[in-house]
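# Chains, contacts and geometry: an overview
Below, each chain spelled out in residue letters.
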Amino acid sequence: MDIIEAMRERRSVRSYKGLALTDYQRQMLTQAVEESWSPFGGRLTIRLKHFGLEAGCRPGTYGMIKGAGDFFLLGMGADEASALTAGFRFEQVVLRAWQLGLGTCWIAATFRGSDFARGETWPDGEKLRIVCPVGVSAAPTTLERITRFTLGSRKRKPFGELFHEGDFGHPLSPDSRFGEALEMVRLAPSSTNSQPWRALVCGDSVHFYYKPKSEASLVDCGIAMCHFLETERFRGRYGSFVRDDAAPEAPSGCRYLMTYKAE
């Protein structure tokens, strides 16, 4: 499975078969963490921890996570750069897990006093803000299916509503130079399927904006920009993210985030 297939097929998994990760899977996931990177700076620590499913070892479940004994723990700074980096770096790990046949599910919450936080210390300025189960998927429960339907997890905003060219009055064609990469952005996961990202293509530059909808919005944008750059690189195209003081003014309700400049 290549990275494009992984981005198209990946879904959040809340039900697991209760199988511990094999040594090989753990090695590959640890390698993915070590190789992950971000252009945004900030502070982020990613750990993979086995809790087990036996009595006394299973952490309290958040949401409807069932049958998972292995979790990623993400310690993050509280600034914008750390949020973008968390999304950008950890989505690389999530996609690698999917390529290995493993499911995941991002969970952002307050974990103070939980089994996830017990015994963990984090570098100065970081705090446990995200956990993510990882393991072999089981058939989704009825409650999980209802939740996915309620959140509209399979629905995405139309391409032309999210991405524009020249100005925000002209929808971008999916056949444009950046069409495939932005389609992968459109398919990226986000908290409650909020899809906070927007983009404006101007020549060889793609200006990214976002609508602040929750504390997770910047993490969501980091995930989306990971999808964008992974697609560009998979197709043999390169560029970099920069802050562009000359970027067009953000549309109503949005904030400017970053600009991708193609080489």
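It should be noted that the structure appears before, not after, this text.
This text gives an overview of the structure that appears in the document. Along each chain, residue indices are assigned from 1 in the same order as the chain's sequence is written. Totals for whole chains, interfaces and linings use every residue, but because this is a predicted model, local features are given only for residues with pLDDT of at least 70 and side-chain atom pairs only at 80 or more, for both listing and counting. Side-chain metrics rest on all non-hydrogen atoms present in the structure, leaving aside hydrogens and water.

## Focus: the side chain of Ser36
Going by this rule: A run of H or I in DSSP counts as a helix once it spans at least four residues, and a run of E counts as a strand once it spans at least two, with each numbered from the N terminus. Per-residue accessibility, obtained with a 1.4 Å probe over protein chains only, is compared with the maximum for each type, and a residue is labelled buried under 20%, exposed over 50%, and partly exposed between these values. Polar contact is the term for a pair of N or O atoms within 3.5 Å; when the atoms are in protein, one must be able to donate a hydrogen and the other to accept it, and sequence-neighboring residues count only if both atoms are side-chain atoms. Here a residue-residue contact requires only that any non-hydrogen atoms of the pair lie within 4.5 Å.
Its place among the elements puts Ser36 in the loop between helix H2 (23-35) and strand E1 (44-50). Overall, Ser36 belongs to the buried group, its relative accessible area being 9%. At 2.9 Å, the side chain of Ser36 forms a polar contact with the side chain of Arg89. If we skip the residues at most four places from it in the chain, Ser36 touches Ile46, Arg89, Gln92 and Val93.

## Describing the layout of surface pockets
Think of a ball as big as a water molecule: rolled over the atoms, this probe shows where empty space is left. Where we set the bar: Both cavities and pockets are sets of points on a 1 Å grid over the protein atoms alone; in a cavity a 1.4 Å probe fits but cannot get out, in a pocket the set is open with protein on both sides within 12 Å along at least five of seven lines, and lining residues sit with an atom within 4 Å of a point. Grid points are joined across faces, edges and corners, and a volume is the space filled by probe spheres set on the points.
In this model, the second largest pocket occupies a volume close to 280 Å³. Along the walls of the second largest pocket sit Ile3, Met28, Gln31, Ala32, Glu35, Ser36, Trp37, Gln92, Arg96, Gln99 and Glu230, which together make up its complete lining. Only H2 and helix H3 (80-99) provide two or more residues apiece to the lining of the second largest pocket.

## Structural notes on helix H7 (residues 217-234)
Rules: For a helix, the expected span equals 1.5 Å multiplied by the number of residues minus one.
End to end, H7 covers 26 Å across 18 residues, agreeing with the expected 26 Å (1.5 Å per residue, within 8%). By the criterion of burial, H7 is predominantly enclosed, with 15 of the 18 residues buried. Positive phi appears at Gly236, one or two residues downstream of H7, with a value of about 75 degrees.

## Topic: H3
Here H3 is 20 residues long and its end C-alpha atoms lie 29 Å apart, about the 28 Å a rise of 1.5 Å per residue gives. Counting buried positions along H3 gives 17 out of 20 residues, so the element sits mostly inside the fold. Of the residues flanking the end of H3, it is Gly101, one or two places downstream, whose phi is positive at about 85 degrees.

## Concerning the pairing of strand E10 (residues 239-242)
Heads up, the rule is: By the convention used here, strands pair only if DSSP detects at least 2 bridges between them.
Here E10 shows a buried face lined by Gly239 and Phe241 and an unburied face lined by Ser240 and Val242. Bridge count between E10 and strand E11 (residues 255-262): 4 bridges; the pairing is antiparallel. Each bridged residue has a counterpart across the sheet, and for Ser240 the counterpart in E11 is Lys261.

## Things to note about the nonpolar core
The nonpolar side chains of a soluble globular protein tend to be buried with one another. Our working definition: By nonpolar core we mean a set of buried residues, namely Ala, Val, Leu, Ile, Met, Phe, Trp, Tyr and Cys, connected to one another through side-chain atoms within 4.5 Å.
Ranked by internal contacts, the top residues of the largest apolar core, which has 54 residues, are Phe72, Leu182, Phe208, Phe228 and Phe241. A total of 9 residues in this core trace back to one element, the largest contributor, which is H7. Those residues within four positions of Phe72 in sequence are excluded, and the remaining contacts are Leu29, Val33, Ile46, Arg47, Leu48, Phe90, Val93, Ile130, Val131, Cys132 and Val134. Counting residues in hydrophobic clusters, the runner-up holds 22 residues, among them Val13, Tyr16, Trp98 and Val131.

## What to know about the pattern of salt bridges
Pairing is possible between side chains of opposite charge, provided their charged atoms come close. To keep it simple, the criterion reads: The term salt bridge refers to a side-chain nitrogen of Lys or Arg lying within 4 Å of a carboxyl oxygen of Asp or Glu.
In this structure the tally under the stated criterion is 10 salt bridges. In this structure, Glu180 engages Arg235 in a salt bridge whose closest nitrogen and oxygen atoms are separated by 2.7 Å. You can see Glu180 sitting in helix H6 (residues 179-186) and its partner Arg235 sitting in the loop between H7 and E10, a full 55 residues away along the chain. Here Glu180 falls in the partly exposed class, since its relative accessible area comes to 24%. Among the residues examined, Arg235 registers a relative accessible area of 40% and is labelled partly exposed. Here Arg237 ties to Glu232 by a salt bridge, and the two come within 3.2 Å at their closest N and O atoms. The structure contains a network of salt bridges with shared partners spanning Arg47, Lys49 and Glu120.

Geometric values such as these leave the question of function open.
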